[in-house]
Amino acid sequence: MATPSLDDDGTTVTLDLHGLSVDEALDVTYSTLRLAEDRGRSRLKVIHGSSTTQGQRRTIKSALHDQLDRGPLGSHATNVMRSRDSLTLALDLTAASDPTRITLHDVRP
């Protein structure tokens with residue numbers, strides 16, 4: 001079974017949401033986004049998967065895209081690049097860079 005993961009190279013934080021429920025994925029995404037902004041990262045890449053689910057079922061991909069289009073997620077990004085299985089948000093850099101690496105333990109209870 002897939003498990004979530006997080007990598008922080010000091011510039012870009014890459015968050016893989018595989019294995020989480022939709023609500024968990026949204027919570028972890030917002031927690032990671034806030035911490036990435038606080039530590040002066042320039043990008044957040046969120047891997048949500050390609051959402052091959054058919055029908056009306058809510059997926060991580062659809063929930064994230066909804067938050068970008070109609071919710072507060074889009075207000076944090078100066079630019080958004082969408083691909084089939086991920087989103088990359090260019091963040092507004094107002095915080096000084098903090099070299100302390102972000103880990104999954106920091107953003108997931």
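Structure: see above.
Residues numbered from 1 in each chain as written. Predicted model: local features only at pLDDT ≥ 70, side-chain atom pairs only at ≥ 80, totals over all residues. Heavy atoms only, no water.

Peer 1: So what exactly am I meant to see when it comes to the sheet that holds strand 3 (residues 43-47) here?
Peer 2: Through backbone hydrogen bonds, the strands of a sheet pair up, either in parallel or in antiparallel fashion. Across the sheet, which stays open at both edges, the 5 strands sit in the order 1-2-3-5-4 with mixed pairing between neighbours. One side of each edge strand has no neighbouring strand; the edge strands of this open sheet are strand 1 (5-8) and strand 4 (77-82). Here the average twist between neighbouring strands, direction ignored, is 15°. Both strand 1 and strand 2 (residues 12-16) contribute to a ladder of 4 bridges, which runs antiparallel. The residue of strand 2 that forms the bridge with Leu6 is Leu15. Docked against the sheet, helix 1 (residues 22-38) engages strand 1, strand 2, strand 3 and strand 5 (86-91), running at close to 170° with respect to strand 2. (Pairing = 2+ DSSP bridges. Helix = DSSP H or I, 4+ residues; strand = E, 2+ residues; numbered from the N terminus. Axes fitted to C-alpha atoms, helices over the stretch in contact; angles between N-to-C directions. Contact = heavy atoms within 4.5 Å.)

Peer 1: Just checking my understanding: could you explain the environment of Arg39 for this structure?
Peer 2: Within the secondary structure, Arg39 sits in the loop between helix 1 and strand 3. Judged by relative accessible area, Arg39 falls into the buried class, the value being 15%. When the C-alpha positions of Arg39 and Ser50 are compared, they lie 29 Å apart, and in sequence the two are 11 residues distant. Residues contacting Arg39, with those up to four places away along its chain left out, are Ala96, Ser97, Asp98, Thr100, Arg101, Ile102 and Asp106. (Buried < 20%, exposed > 50% of the residue type's maximum accessible area, 1.4 Å probe, protein only.)

Peer 1: Honestly, the nonpolar core in this entry has me stumped. Any pointers?
Peer 2: Within soluble globular proteins, side chains that are nonpolar generally end up buried alongside one another. Leu17, Leu64 and Leu89 are the most contacted members of the largest nonpolar core, which has 27 residues in total. Put simply, the parts of the chain that give this core at least two residues each are strand 2, helix 1, strand 3, helix 2 (60-70), strand 5 and helix 3 (104-107). Among the elements that take part in this core, helix 1 stands out by supplying 8 residues, more than any other. Sequence-distant contacts of Leu89, defined by excluding residues within four places in its chain, comprise Ser42, Arg43, Leu44, Val46, Leu68, Leu73, Ala77, Asn79 and Val80. (Core = buried A, V, L, I, M, F, W, Y, C linked by side-chain atoms within 4.5 Å.)

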